[in-house]
Structure formats: structure tokens, C-alpha cells
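Each chain, written out:
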Amino acid sequence: MNASAYVSAPVISRYFYRRSPDQNAAQPARHPLVVVGAGPTGLCVAIDLALRGNKVVLLDADDCLSDGSRAVSYARRSLEILDRLGCGAKVVERGVAWSSGKIFFKDHHLYSFNLAQADRVGRPAFINLQQARFEEILVQRALALGVDLRWKNCLATLSQDAAAVHLQIDTPDGRYAMDCDWLIACDGANSPIRAMLGLDFKGQIFRDRFLIVDVRMQADFPVERWFWFDPPFHPGRSVLMHRQADNVWRVDFQLGWEAEPAKEKQEEPVLERLTAMLGSHEFELLWSSVYTFQCRRMEQFRHGRVLFAGDSAHQVSPHGARGANSGMQDVDNLAWKIDLVLKDQAPLDLLNSYGVEREYAAEENLRNAKRATAFITPKNKHARRFRDAVLALARRQPFARRLVNSGRLSVPVILLESPLNTPDAEPMTNGPVPGSPLLDVMLSEHGESLRLAQAVGSGFCLLLFCGRDGVPDEADVLALQAAAGEVAALGMLALTGAAAACRPGLRILHDAELAAHAAYDALPGTAYLLRPDQHVCARWRRLEPALLRAALLRATAATPN
């Protein structure tokens, strides 16, 4: 047998419990923000809030990072979010970039796909990186920003009233009490906080099980996502394989509902499956786990002063990389809103929009995950016949490939119905509509290349498209700044194809070939307003100060729809 003995995946980093001054306080300490759960979602929201100048306490019941691969694939939008958090470069450097894949049926290669887009710049379509490696980068960033990360601090009880959330926390030194203005629950799919509040998921648990395996091997396979339907080495089931960092490969075997999880994770059956698949390739078995497809979510993500994000708020099947990526989009949506509320720069109603927007996004992710699950795991003989007919036809007919569903890969949700959007006053044929995330483009500044996403930052930002007409007059810029200043801090970027003199408060970016203008369907005078999470919330062919002020009021929930 061409495999080593089973070994557990090593713990990459272990951290240590340290006693907090709060444990010596005569009365419960009061903090503005407490995050529970130091997984990817909890770490990212703590980092985002710390970058905005907030003091954050992050509690985790454990003292080490996740074992095994777990979350693996991080999509372009997540990488753009990580860039804003100051972690993107390290994740890209540490991980494995990919954009292509192959689909197989039985012993046939059906077709290949490529997610790379010639007109896109910036980050790759996906980066694969084991969750533990990813968390290690985030922990370092959080600590560097001064996040109060407390290991071996297990939330035991909570209650809340109109003024605060009251916590009881267990530690190796016993229990202590603490209060906070806002609690962000990122404590995972089995969220104890959800149980403490008497809340539950709604949705569907599919009657199927999957085995996840991490193996280390030297193989000359291309860096691609490979998915098999009914392969000869695992007949009647599906298999997914793709590469991670450090020559570690992730393999998912469909097992069927009748499989016994404890038995399937044992060394002998795991090695038998891998050897049948990998043949003569030598490999080292690192880690395995068994999971069940679940497509469920909470009905509401906000409950008083407790807000849920990531797996604690929603669960989807892993085929499609929608779990961790949707959690990061939760963070992207939530952090700027709670920051403005804490600083009395927006009303509490702004936090209600977090629920509206991310519940909508979760529902879209669930729909996509359910469709993939129905195709990957047909529930009756008629569904299987249909699926197999589609697969057979896809080998010869490109149109049939659109019906093949091995997991629609993660893309950002467009928040079309957001209450924070200002509808277009006049039609625009193309360009990102209100509710869309920023479309990244390459520009230059002082002769140096940079991406638009890098220039926009983490606050409200106004893009002024100037064509080759130079930039707006100083008086016009001052009028826009004055209108915005009554509502929110605003960055202003002028995109121009012409040489232009500087204007106070206006950053000038060069769009030499007017490629950004084309991407945004922009004529001279067109303007786009971006929220702090880099989603479009308004756009105009011709902008007036009063229109800008009204859009900012709407985007901060300061005026009714």
C-alpha cells in the first residue's frame, strides 16, 4: 500500500491563557465590543473594528487553531476584503492560486473551465489555504492591532437588556463577569450563544455524508479543482480534489447516508479509498473528518444587542466555497455599521440593515447550495437518470455544461433590494448597479500603478469620472465636501484620462486608456458613491451636492426609504 500510517494533522500554533485585569475587578468591566469565536469570521470582524479605532475583546474557548483543512478556498471578493484588512498579501503569498478546473463522469473527462477573466485585475479567482494557516495570519494581524484576544475564555451565560449584554465567562482561574454594548456571535455552526438565546436554524439537512481527507504528497497534477461524478475508483458516488499549501491535497468522498462516521474516519477504510484513487502516488494521511450537507440559517441575524455572523448565522454545503466566503462578507457588511453606531454617527436602524442584507445573501447562498446538492446527490432514480443524461450529453454538447452543477462557486451577492441604495435617477446601460461590490480596475497615481480597491479605503468614497476633461473645479469639489460633511466623512477620487492639477481634498487617479470609464459605463460627469464595504450605493450621470447628501443620509439609515 503506497501510503504512510495515519498521523494527526499537527497543531500549527498553540496560544496561552493569560489572566485579564477584568477578572480582578470588583464590578463587571464594561466594553463596547465583544466578539465570541476566534475562527476566520470572528478574527476578521475583530480586525476590521480595530482598524476603525475600536477597542475589541475577542473570546475563544480553546487555545489553538483549527485542525485540518476545514475552510479551504477564498474567493476574489474575500481577498479584496483581506487587502482592506491588511492581510491579503500574506494570504496570497502563503496559499495556492487557481482559476481552472475539470469535470469528470465515470472514466471520461467531460470538460474544463476557467474562471480567469481577461478584463479583471487584482487578485486571483481563488486562493486555497488550510484554515489553520489562514487563522494564523489573522491572529498575528489582530494582535498587532491591539485586539484583546483571550484564549481559554468560554462564554458560560449571557443576558441582555436595553442598555447592555451581560456575560459570565469561565476560565482556568474560575468564572468572571463582564458587560458590553454589543456582542458579535461568531462561535460556529453549533453556536452556544444561539442556544443560550433559545434560537435555532431553519432549513434542510440532507441525507448524505461526506468524508474529508487531507493528504500530503508530491504530485505533478495541475493546480485545478477536479470533480468526479461516479468515478471507477469510487463508483456511484462523487469525489472532489484540489491542492492546498505545503503539498497538501484536500479530497472529499461522498459516502451516502448509511455510512457510519466513526468507522469511515478510521485509518484502514480511508487508506483504501485513497489508494484506489491515487494509485502509485505516495502520500501521507494527515487528517480526516465526516460531515453532512446542511443548508440552514437563522431567521434573523440581529437579536437586540447580539449580532450573529458566519457559521453561527448560516450553514451551507462546502461544494461551492460559500461558507467562509459568506462569513467574510458578513464581516464586511457589519463592521462599518456597528462602528458608525458606536460613534453616534448613525442611528440604530443601520444595524437592522445588516440583517436585511445578509439574510438576503444567506438565502441566495442556500438556494445555490441546495441546487448543487440536488445534482450531486440525486434523491431518487428519476433524478439520477436525469443527472447522468446531462453528464453524458455535456461531453459532446457545450450547452449541456451549463446544467452540470458540482457546486456553483462563491461570488458576492448583489444587494439589489437594500434599503441603503439610492435608485438610479436615469438609466445606465452597464456598470455595477447599486448593491454591487466595487469592480476593481487598474489605475495609476504619480506614475505608479495601483488598483481602485486599494485607493478606495474603508470609508464612504465618491468616484468622479472626468474623461479627458481634467477634474472638477475647486468650487464644485468644496460644495460636494460641504454637503457630505453634514452626514459622513467622505473620500473623493477623480478618475481622469488627462493631466490634471491637484485639488484640495481630491485624490487624482489616472485612467490612461479610460478602461475604468468603460467598466463603469461612465461619461464625463458620472459619479459613483461607494459604502465603507466598497459596495455601490448610488450613482449619477450628473451629481449635485443635494443628491450626494440625500444618498449619504439614506446609506447611513438616517432617512426613511
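Before reading on, note that the structure itself is shown above.
The following paragraphs examine the structure supplied in this document. (Residues numbered from 1 in each chain as written. Predicted model: local features only at pLDDT ≥ 70, side-chain atom pairs only at ≥ 80, totals over all residues. Heavy atoms only, no water.)

1. Section: the pairing of strand β9 (residues 154-160)
Line of reasoning, step 1. Relative to strand β10 (residues 165-171), β9 runs antiparallel, the two sharing 6 bridges. Paired with Thr-157 across the strands is Gln-168, a residue of β10.
Line of reasoning, step 2. In this structure, the hairpin formed by β9 and β10 is closed by a connection of 4 residues. (Pairing = 2+ DSSP bridges. Helix = DSSP H or I, 4+ residues; strand = E, 2+ residues; numbered from the N terminus.)

2. So, the pattern of salt bridges
Line of reasoning, step 1. A complete count under the given rule lists 32 salt bridges for this structure.
Line of reasoning, step 2. Arg-77 is paired through a salt bridge with Asp-332; the nearest N and O atoms lie 3.0 Å apart. One end of the pair, Arg-77, is in helix α2 (residues 76-85); the other, Asp-332, is in helix α8 (residues 323-342), with 255 residues separating them in the sequence. When sorted by exposure, Arg-77 lands in the same class as Asp-332, which is buried.
Line of reasoning, step 3. Linking Asp-170 and Arg-175 is a salt bridge whose minimum nitrogen-to-oxygen distance equals 2.7 Å.
Line of reasoning, step 4. Asp-170 sits in the partly exposed class, given a relative accessible area of 28%.
Line of reasoning, step 5. Assessed through its relative accessible area of 49%, Arg-175 is described here as partly exposed.
Line of reasoning, step 6. Put simply, Asp-48, Arg-52, Arg-77, Glu-80, Arg-84 and Asp-332 are held in one network by salt bridges that share partners. (Salt bridge = Lys/Arg side-chain N within 4 Å of Asp/Glu carboxyl O. Buried < 20%, exposed > 50% of the residue type's maximum accessible area, 1.4 Å probe, protein only.)

3. Focus on the environment of His-535
Line of reasoning, step 1. For His-535, the location among the structural elements is in the loop between β25 (527-530) and β26 (536-540).
Line of reasoning, step 2. Residue classification places His-535 among the buried positions, given a relative accessible area of 9%.
Line of reasoning, step 3. C-alpha separation for the pair His-535 and Leu-240, spaced 295 residues apart in sequence, amounts to 33 Å.

4. Remarks on the sheet that holds strand β12 (residues 201-216)
Line of reasoning, step 1. Here 8 strands make up an open sheet; going across it, the order is β6-β5-β13-β14-β15-β12-β16-β19 and the pairing mixed. The open sheet is flanked by β6 (108-114) and β19 (314-315), the only strands paired with a single partner.
Line of reasoning, step 2. One ladder, built from 7 bridges, connects β12 with strand β15 (residues 248-254); its direction is antiparallel. Looking at β15, one finds that Phe-210 is bridged to Gln-254.

5. Considering the sheet that holds strand β7 (residues 126-128)
Line of reasoning, step 1. Reading across the sheet, the 3 strands line up as β3-β7-β4 and stay open at both edges, with antiparallel pairing between neighbours. The sheet is open, and its two borders are formed by β3 (73-75) and β4 (96-98), each paired with just one other strand. If you compare each strand with its neighbour and ignore which way they point, the axes differ by 30 degrees on average.
Line of reasoning, step 2. Across 3 bridges, the pairing between β4 and β7 is antiparallel. Considered in β7, the bridge of Ala-97 is made with Ile-127. (Axes fitted to C-alpha atoms, helices over the stretch in contact; angles between N-to-C directions.)

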